[in-house]
Amino acid sequence: MRKFTCVCLLLFCITTLAFAQGLPMAVPETVGVSTERLERIRPVMQGYVDDGNLPGFLTVVARRGKIVHFETIGMRDVENKKPVEPDTIFRIYSMSKPVTSVAVMMLYEEGHFQLGTPVSRFIPEFKNMKVYNEDQTEILDAKKEITIKHLLMHTAGLTYGWGNKPVDERYKEANIFERGTTLADMVKKLGDIPLVHEPDERWTYGVSVDVLGYLVEVVSGMPFEAFLQTRLFEPLGMVDTAFSVPPEKVDRFAALYRHNRREGLMARVERDAPLANDELSFFPSGGGGLVSTAADYMRFSQMLLNGGELDGVRILGKKTVELMRYPHHDDWFGLGFRVVTRKDPPNTLNSVGNFSWGGAAATTFWIDPQEELIGLLMTQLLNNRYPFQQQFRVLTYQALTE
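What counts, and at which threshold
Residues numbered from 1 in each chain as written. Predicted model: local features only at pLDDT ≥ 70, side-chain atom pairs only at ≥ 80, totals over all residues. Heavy atoms only, no water. Helix = DSSP H or I, 4+ residues; strand = E, 2+ residues; numbered from the N terminus. Rg over C-alpha atoms; globule rule 2.2 N^0.38 Å. Buried < 20%, exposed > 50% of the residue type's maximum accessible area, 1.4 Å probe, protein only. Contact = heavy atoms within 4.5 Å. Areas by Shrake-Rupley, 256 points an atom, 1.4 Å probe, with all protein chains shown as cover. Lys, Arg positive; Asp, Glu negative; His and termini not counted. Charge placed at Lys NZ, Arg CZ, Asp CG, Glu CD. Phe/Tyr/Trp six-rings, centres within 6.5 Å; stacked < 30°, edge-to-face > 60°. Pairing = 2+ DSSP bridges. 1 Å grid on protein atoms, 1.4 Å probe; cavity = no way out; pocket = protein on both sides within 12 Å on 5 of 7 lines; lining within 4 Å. Points joined across faces, edges and corners; volume = space filled by probe spheres on them. Nonpolar A, V, L, I, M, F, W, Y, C, P; charged D, E, K, R; others polar. Salt bridge = Lys/Arg side-chain N within 4 Å of Asp/Glu carboxyl O. Expected span 1.5 Å × (residues − 1). Axes fitted to C-alpha atoms, helices over the stretch in contact; angles between N-to-C directions. Parallel < 35°, antiparallel > 145°, perpendicular 65-115°, else oblique. Polar contact = N/O pair within 3.5 Å; in protein donor to acceptor, adjacent residues only side chain to side chain. Left-handed = near helix turned anticlockwise from the far one by under 90°.

Q: Explain the overall build of the chain to me, please; I cannot follow it from the model alone.
A: The number of helices and strands found in the chain is twelve helices and 18 strands. The C-alpha radius of gyration of the chain comes to 21 Å, within 12% of the 21 Å expected for a compact globule of 402 residues. In terms of principal-axis extent, the alpha carbons of the chain reach across some 80 × 45 × 40 Å. Going through the 402 residues of the chain one by one, you find that 55% of them count as buried. Of the contacts made within the chain by residues no fewer than 6 positions apart, 69% connect residues no fewer than 24 positions apart. For the chain, the exposed area adds up to about 17600 Å²; of that, 51% sits on carbon and sulfur atoms. A distance of 4 Å separates the average location of the 44 positive side-chain charges in the chain from that of its 50 negative side-chain charges.

Here it is, written out as structure tokens:
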């Protein structure tokens, strides 16, 4: 009788968490994962919170379409003693990039363009671009046009303007992501700034995917936010992913923290603090403006692992997903993801073919087709200097038993 009661309680907990996570759950052993070894995750993650180095975590592992690990640790709002909950909303920053890349590939599948199509066909501001020479002492005419594939691969010659070179000063002066402006305003500013290098010359992390957001807007004939909502988020059941947090959800929105390397302390970042009942809205940055939950992003990731389909809803074709996770640039970067290849062997437990990305506030995810595995870690810490992302990955892979 006691055994039967324990089984019933276990099933109840599994069912409850299944609703919270957006994917069904399973006893780990049924999908080749050790429950005992998964229990190693919590104490390692807990240590960072106990030492005051992080506000809180949410970690999720799924194998073969089933959640086998889900834990919340610490606070989403330290000062107000609000814990991380299953439905906590996080800023995912650059984990917006894979979402935007999927939107672009949806339009690609519909025949609107080829990957080698010059982006200037849809965005005239990128016709006849200028480019800096190597030491940025001279501005020249660009020899090549920026293509859609260049934007997907971060080889277009666009940057973020984080440095102190002439091009960086131009980005800062332009205030690319100025609040109250539009994606159209953004590309007009970018069209006036010389590229940091010739298109296809090398990989440079920057605003390429933000330009792709505007491309989606132009090609689809609807606002970028509306395209994502109607064509991607609603079909996948991603109910909390958006460029805004409505008043009724603000209490679920995690506070943002920053690690101060000089003082070695974690401090709250007051901007976008979830303290008011007003809607919080963000620039519709396809490269870094989305907020989301673990449940939503797991559904998005599972769709990709399934080859573009989830729960009978097909977002992309199987071959399109394969093309996205193929290493197109220098054997490590695909169309929106970092890819593990034999030429770029991992320094931690991993699989060839694994594709992944992360966000500025130390969020991260990976998708492993070989092991049918997804890992997701959500937190909110800028300037992270700790290795918990790598540790979480190791702690996940060491739990696989078949």
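Now, onward.
Q: For this particular structure, what's the right way to read the packing of aromatic side chains?
A: Aromatic ring pairs are described here by two measures, namely the spacing of the ring centres and the angle between the planes. Inspection of every chain in the model, using the stated rule, returns 22 aromatic pairs. Judged by centre distance (5.0 Å) and plane angle (70°), the rings of Tyr 297 and Phe 365 are edge-to-face. Of the two residues, Tyr 297 is situated in helix H10 (residues 294-305) and Phe 365 in strand E16 (residues 364-368); the sequence distance between them amounts to 68 residues. On the basis of relative accessible area, Phe 365 is assigned to the buried category, the value being 0%.

Q: What should I look at first to understand the sheet that holds strand E8 (residues 256-260) in this one?
A: What the three strands build is an open sheet, ordered E9-E8-E18; its pairing is mixed. Only two strands of the sheet have a single partner each, and these edge strands are strand E9 (265-269) and strand E18 (381-382). Bridge count between E8 and E9: five bridges; the pairing is antiparallel. Considered in E9, the bridge of Leu 256 is made with Val 269.

Q: Looking at this structure, I do not really get the layout of surface pockets. What am I missing?
A: If a probe the size of a water molecule is rolled over the atoms, the empty space left behind becomes visible. Considering only enclosed or pocket space, the second largest pocket measures out at about 670 Å³ in volume. Looking at the second largest pocket, it is lined by 23 residues, and the ones nearest its centre are Arg 338, Ser 356, Thr 364, Gln 389 and Arg 393. For the lining of the second largest pocket, the elements supplying multiple residues, two or more each, are strand E14 (338-339), strand E15 (355-358) and helix H12 (388-397). Taken together, the residues of the lining of the second largest pocket sort by class into eight nonpolar, twelve polar and three charged.

Q: Where do I start with the pattern of salt bridges in this structure?
A: Side chains bearing opposite charge may pair, as long as their charged atoms lie close to each other. Evaluated as defined, the whole model comprises 22 salt bridges. Across the pair Glu 402 and Arg 64 runs a salt bridge whose closest N-O atoms are separated by 3.1 Å. Highlighted residues: Glu 402 in the segment after H12 and Arg 64 in the loop between strand E1 (56-63) and strand E2 (66-77), separated in sequence by 338 residues. Across the pair Asp 200 and Lys 144 runs a salt bridge, and its minimum N-O distance is 3.9 Å. Of this pair, Asp 200 sits in the loop between helix H7 (183-191) and helix H8 (208-220) while Lys 144 sits in the loop between strand E6 (139-141) and helix H5 (148-153), and the two are 56 residues apart along the sequence. Each of Asp 87, Asp 240, Lys 249 and Arg 252 takes part in salt bridges that share partners, so that together they form one network.

Q: Please explain H8 as it appears in this structure.
A: Because the α-helix completes a turn every 3.6 residues, residues three or four places apart line up on one side. In this model H8 runs 18 Å from its N-terminal to its C-terminal C-alpha over 13 residues, within 8% of the 18 Å that 1.5 Å per residue would give. Counting buried residues in H8 gives ten out of 13 residues, a clear majority hidden from the surface. Where H8 terminates, the next one or two residues include Gly 221, which has phi positive at roughly 75°.

Q: Would you take a moment to explain the packing of helix H4 (residues 96-109) against helix H9 (residues 224-236) for this structure?
A: Packed helices, taken two at a time, are described by their axes: the angle between them and the distance between them. Two elements in contact, H4 and H9, have axes whose closest approach is 11 Å; the angle formed by their N-to-C orientations is 80°. Between H4 and H9, the interaxial angle falls into the category roughly perpendicular. Here Val 99, Thr 100, Val 102, Ala 103, Met 106 and Leu 107 of H4 come into contact with H9, specifically with Phe 224, Phe 227, Leu 228, Arg 231, Leu 232 and Phe 233. Considering only residue class, the contact of H4 with H9 consists of ten nonpolar, one polar and one charged.

Q: Help me understand the side chain of Asp 77, please; the structure alone is not making it clear to me.
A: Among the structural elements, Asp 77 can be located in strand E2. A distance of 3.0 Å separates the side chain of Asp 77 from the side chain of Asn 80, its partner in a polar contact.

Q: Whenever I open this one, the packing of H7 against H8 confuses me. Can you help?
A: Look at H7 against H8: their axes get within 10 Å of each other, and the N-to-C directions meet at 125°. With respect to their mutual orientation, H7 and H8 come out oblique. Viewed along their axes, H7 and H8 form a crossing whose handedness is left-handed. From H7, Leu 183, Ala 184, Met 186, Val 187 and Leu 190 reach across to H8, where they touch Asp 210, Val 211, Gly 213, Tyr 214 and Glu 217. The residue inventory of the contact of H7 with H8, partitioned by class, reads seven nonpolar, one polar and two charged.

Q: Looking at this structure, how should I read the environment of Arg 258?
A: By the element assignment, Arg 258 lies in strand E8. Separated by eleven residues in the primary sequence, Arg 258 and Val 269 have C-alpha atoms spaced 6.4 Å apart.

So far we have only geometry, and geometry alone does not tell us how the molecule works.
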